[in-house]
Amino acid sequence: MLTVIDEYTRKCLAIRVGFSLKADDVLDTLSTLFITEGVPGYIRSDNGSEFTAKSLREWIGSIGVKTAYIEPGSPWENGYNESFNGKLRDELLNTEIFYSLKEAQVLIEQWRRHVLLPFCQRRIKLEL
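What comes next is a walk through the structure. (Residues numbered from 1 in each chain as written. Predicted model: local features only at pLDDT ≥ 70, side-chain atom pairs only at ≥ 80, totals over all residues. Heavy atoms only, no water.)

So, the overall build of the chain
Helix and strand counts for the chain stand at five helices and four strands. Element order for the chain, N to C, with α for helix and β for strand: β-β-α-β-α-α-β-α-α. Within the chain, buried positions represent 32% of all 128 residues. Sequence separation of at least 24 residues holds for 59% of the intrachain contacts in the chain that already meet a minimum separation of 6. Counting only carbon and sulfur atoms, one obtains 53% of the accessible surface of the chain, whose full area is about 8,200 Å². (Helix = DSSP H or I, 4+ residues; strand = E, 2+ residues; numbered from the N terminus. Buried < 20%, exposed > 50% of the residue type's maximum accessible area, 1.4 Å probe, protein only. Contact = heavy atoms within 4.5 Å. Areas by Shrake-Rupley, 256 points an atom, 1.4 Å probe, with all protein chains shown as cover.)

What about unusual backbone geometry?
If you check the backbone angles, Arg10 has positive phi at about 65 degrees while not being a glycine. Summarising the element assignment, Arg10 is placed in the loop between strand 1 (2-5) and strand 2 (12-16).

Topic: the nonpolar core
Core analysis: the largest hydrophobic core is formed by 16 residues, its most contacted members being Leu2, Val4, Val26, Leu30, Ile43, Leu56 and Ile60. At the level of secondary structure, the elements contributing two or more residues to this core comprise strand 1, strand 2, helix 1 (23-37) and helix 3 (54-62). Broken down by element, the residue count for this core peaks at five residues, all from helix 1. Not counting residues within four places of it along the chain, the set of residues in contact with Ile43 comprises Leu30, Phe34, Ile60, Val65, Lys66, Thr67 and Ala68. Within the second largest apolar cluster, ten residues are counted, among which are Cys12, Ile15, Leu88 and Trp111. (Core = buried A, V, L, I, M, F, W, Y, C linked by side-chain atoms within 4.5 Å.)

Some points on the pairing of strand 1
Going residue by residue along strand 1, you find Leu2 and Val4 tucked away on one face and Thr3 and Ile5 tucked away on the opposite face as well. Where strand 1 meets strand 2, four bridges bridge the pair, whose relative direction is antiparallel. Bridging from a neighbouring strand, Leu2 pairs with Arg16 of strand 2. The turn joining strand 1 and strand 2, which pair antiparallel and follow one another in sequence, is formed by six residues; a positive phi near 65 degrees is taken by Arg10. (Pairing = 2+ DSSP bridges.)

What follows is the structure, given as structure tokens:
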């Protein structure tokens, strides 16, 4: 599962669900987000093979985005994403049994849109 969080707004921009995500899946998700949300100054991620693949690094570099890889074994360097993943696990993944990949994709996207987005929008309004 790939979760994409905006560090400034803390909005969950996407959750990509699959059995084994590869660099092409990450590239597809990020390219869609760059079109809809704009190109960020940098991307923070772990050092998983899907993020360090040559094709993804070259593509990210070619559009001027910098990378900020967290040190292995240092989840606190990506604290908000780790916290978000814990919330996702506690509120949804531990409470559901998914009988197919499609069911997981649909339920997780519903959770992202109907549970999480209103919370983020309220939080942003409070900070303004």
